[in-house]
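What follows is each chain in one-letter form.
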Amino acid sequence: MDVVPVTGHWRFDPYGGVIHGGRLYGRGSADMKGGIAAAICGVAAAARQGLRRRIAVSASVLEEVIEGHALARVLDAVQPGAVVICEPSGLRIKAGQKGRMEVLLTLHGKPAHAATPQVGRNPLHAAARALLALESLPLPSDPVLGPALQVPVDAVSQPYPSISMVPGGVTLRFDRRTLAGETEHDVLGPIRLCLERVGVRDYTLEISADPVRAFTGESAAPPRWLPAWRCPDDAPVLAALRGAARECGRDDAVGCWPFCTNGSESAGGAAFPRWAWGRATRKTRTP
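Residues numbered from 1 in each chain as written. Predicted model: local features only at pLDDT ≥ 70, side-chain atom pairs only at ≥ 80, totals over all residues. Heavy atoms only, no water.

### Considerations on the overall build of the chain
Thinking step 1. Each helix and strand counted, the chain has seven helices and 16 strands in total.
Thinking step 2. Along the longest, intermediate and shortest principal axes, the C-alpha atoms of the chain span 80 × 45 × 35 Å.
Thinking step 3. Evaluated residue by residue, the chain yields a buried proportion of 39% over its 287 residues.
Thinking step 4. In the chain, once contacts between residues fewer than 6 apart in sequence are set aside, the share between residues at least 24 apart is 70%.
Thinking step 5. Computed over 33 positive and 27 negative side-chain charges, the separation of the two mean positions in the chain equals 3 Å. (Helix = DSSP H or I, 4+ residues; strand = E, 2+ residues; numbered from the N terminus. Buried < 20%, exposed > 50% of the residue type's maximum accessible area, 1.4 Å probe, protein only. Contact = heavy atoms within 4.5 Å. Lys, Arg positive; Asp, Glu negative; His and termini not counted. Charge placed at Lys NZ, Arg CZ, Asp CG, Glu CD.)

Given below as structure tokens:
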């Protein structure tokens, strides 16, 4: 479930499911097959001990690319009182995560033959100014989640490749790691002000919504705006988790993930707080 492509050198066959030295090796053995197995076995053990509550185990796809989108259908159907995300954590409690927004900045120019660049307007020059300016853009920080991040990860000209010509445009993709409470305006507003200060005028700024196809053939193209979240210190579900950790002889310290999880939907989307302790109204989704 929910694995990235097999790359690099593997000690054992990634498709073989090898057990060596008491450990299971193979593609997805930790993320996410291990978590699913733990959830199923844990629910079964609780039932044998007399627990008579409804518990659903979800094995949802596409978390690596559009965190929480597939889980949304499960949340709508189950309406849970609490959600436990089984991302690997070294058996430590994680009660928060940074969010993620994919920002597309397209600089517009005027195409021309590379032999006569003066009759065009090269957007690569504006892209260079934008990159240098945005590199020093001040970003907020959170005492638990740490600093927000804004990383350029892609640059594509229009057309691509642009051979023997000044391109008509160039799109920069930024991976913006967000903090709890940040809004779309909080992310895009400072970018616009920064571009204005360095004289970049002709551009388009948007959140990406590239289509993704699941193994079943189903496709989806939701906006890549996956919110951050932090579980309040006094949340009942957090107290229960810490108590369970102590009963098992584990450390009950609480930390957070530096990356995105399906919690962007169950917690960051303002859905989970209403289910868990009645503070918010759940958003409405369109299938």
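### Regarding the side chain of Ser157
Thinking step 1. With respect to the helices and strands, the residue Ser157 is situated in strand E8 (residues 149-158).
Thinking step 2. One polar contact links the side chain of Ser157 to the main-chain carbonyl oxygen of Pro159, over a distance of 2.7 Å.
Thinking step 3. Those residues in contact with Ser157 that sit more than four places away from it in its chain are Ser162, Pro167, Gly169 and Val170. (Polar contact = N/O pair within 3.5 Å; in protein donor to acceptor, adjacent residues only side chain to side chain.)

### Some remarks on helix H5 (residues 236-247)
Thinking step 1. Helix length check: H5 (twelve residues) gives 17 Å between terminal C-alpha atoms against 16 Å at 1.5 Å per residue, within 8%.
Thinking step 2. Listed in full, the buried residues belonging to H5 are Val237, Leu238, Gly243 and Ala245. (Expected span 1.5 Å × (residues − 1).)

### Here's the deal with the nonpolar core
Thinking step 1. Counting residues in hydrophobic clusters, the biggest one holds 21 residues, and the most contacted among them are Val103, Leu105, Leu107, Leu134, Leu188, Ile191 and Leu195.
Thinking step 2. When residues of this core are traced back to their parent elements, those giving at least two are strand E4 (99-108), helix H3 (123-135), strand E10 (169-178), helix H4 (184-197) and strand E11 (203-207).
Thinking step 3. Setting aside its immediate chain neighbours within four residues, Ile191 contacts Val103, Leu134, Leu137, Gln150 and Leu205.
Thinking step 4. In terms of nonpolar packing, the next biggest core, distinct from the first, is built from eleven residues, Ile93, Trp229, Ala235 and Val237 among them. (Core = buried A, V, L, I, M, F, W, Y, C linked by side-chain atoms within 4.5 Å.)

### Let's talk about the confidence of the model for the chain
Thinking step 1. For the chain, the mean per-residue pLDDT works out to 89, and 94% of the residues sit at or above 70.
Thinking step 2. Here residues 270-287 scores under 50 on pLDDT; set against residues more than four positions off or in separate chains, the count is 48 contacts. (pLDDT = per-residue confidence, 0-100.)

### Some points on unusual backbone geometry
A negative phi angle characterises most non-glycine residues, just as the trans form characterises most peptide bonds.
Thinking step 1. Residue Gln158 is joined to Pro159 through a cis peptide bond whose omega torsion reads 0 degrees.
Thinking step 2. Following the sequence through the fold, Pro159 ends up in the loop between E8 and strand E9 (165-166).
Thinking step 3. Its identity is not glycine, yet Leu62 carries a phi of approximately 70 degrees, on the positive side.
Thinking step 4. Inspection of the secondary structure assignment puts Leu62 in the loop between helix H1 (29-48) and helix H2 (71-78).
Thinking step 5. Classification of Leu62 as buried rests on a relative accessible area of 17%.
Thinking step 6. Despite not being glycine, Leu91 shows a phi value in the positive range, around 60 degrees.
Thinking step 7. Its relative accessible area of 64% is what places Leu91 among the exposed residues.

### Description of the packing of aromatic side chains
Thinking step 1. Evaluation of the coordinates by the stated rule reveals two aromatic pairs.
Thinking step 2. With a centroid separation of 4.8 Å and 50 degrees between ring planes, the pair formed by Phe12 and Tyr25 is classed as tilted. With Phe12 in the segment before strand E1 (18-20) and Tyr25 in strand E2 (residues 23-25), the pair connects residues that are 13 residues apart, well separated along the chain.
Thinking step 3. When the ring of Trp257 is compared with that of Phe259, the centres are 6.3 Å apart and the planes differ by 35 degrees; the resulting orientation is tilted.
Thinking step 4. Residue Phe259 is classed as partly exposed on the basis of its relative accessible area, which comes to 32%. (Phe/Tyr/Trp six-rings, centres within 6.5 Å; stacked < 30°, edge-to-face > 60°.)

### Quick word on the side chain of Arg177
Thinking step 1. Note on placement: Arg177 falls in strand E10.
Thinking step 2. In this structure the side chain of Arg177 is engaged in a polar contact, spanning 2.7 Å, whose partner is the side chain of Asp175.
Thinking step 3. Beyond its immediate stretch of four places on either side in the chain, Arg177 contacts Lys98, Gly99, Arg100, Ala148, Leu149, Phe259 and Cys260.

### Here we look at the environment of Leu131
Thinking step 1. Within the secondary structure, Leu131 sits in helix H3.
Thinking step 2. In the structure, Leu131 is positioned 122 residues away from His9 in sequence and 34 Å away in space, judged by C-alpha atoms.
Thinking step 3. With near-sequence residues (within four places) excluded, Leu131 lies in contact with Pro152, Leu172 and Phe174.

### A closer look at a nonpolar patch on the surface
Thinking step 1. Where nonpolar side chains cluster on the molecular surface, the patch consists of Leu149, Val151 and Val153 and spans about 230 Å² of accessible area.
Thinking step 2. With respect to the helices and strands, the residue Val151 is situated in strand E8. (Patch = residues over 30% accessible without salt bridge, like charges linked within 9 Å, V, L, I, M, F, W, Y side chains within 5 Å. Areas by Shrake-Rupley, 256 points an atom, 1.4 Å probe, with all protein chains shown as cover. Salt bridge = Lys/Arg side-chain N within 4 Å of Asp/Glu carboxyl O.)

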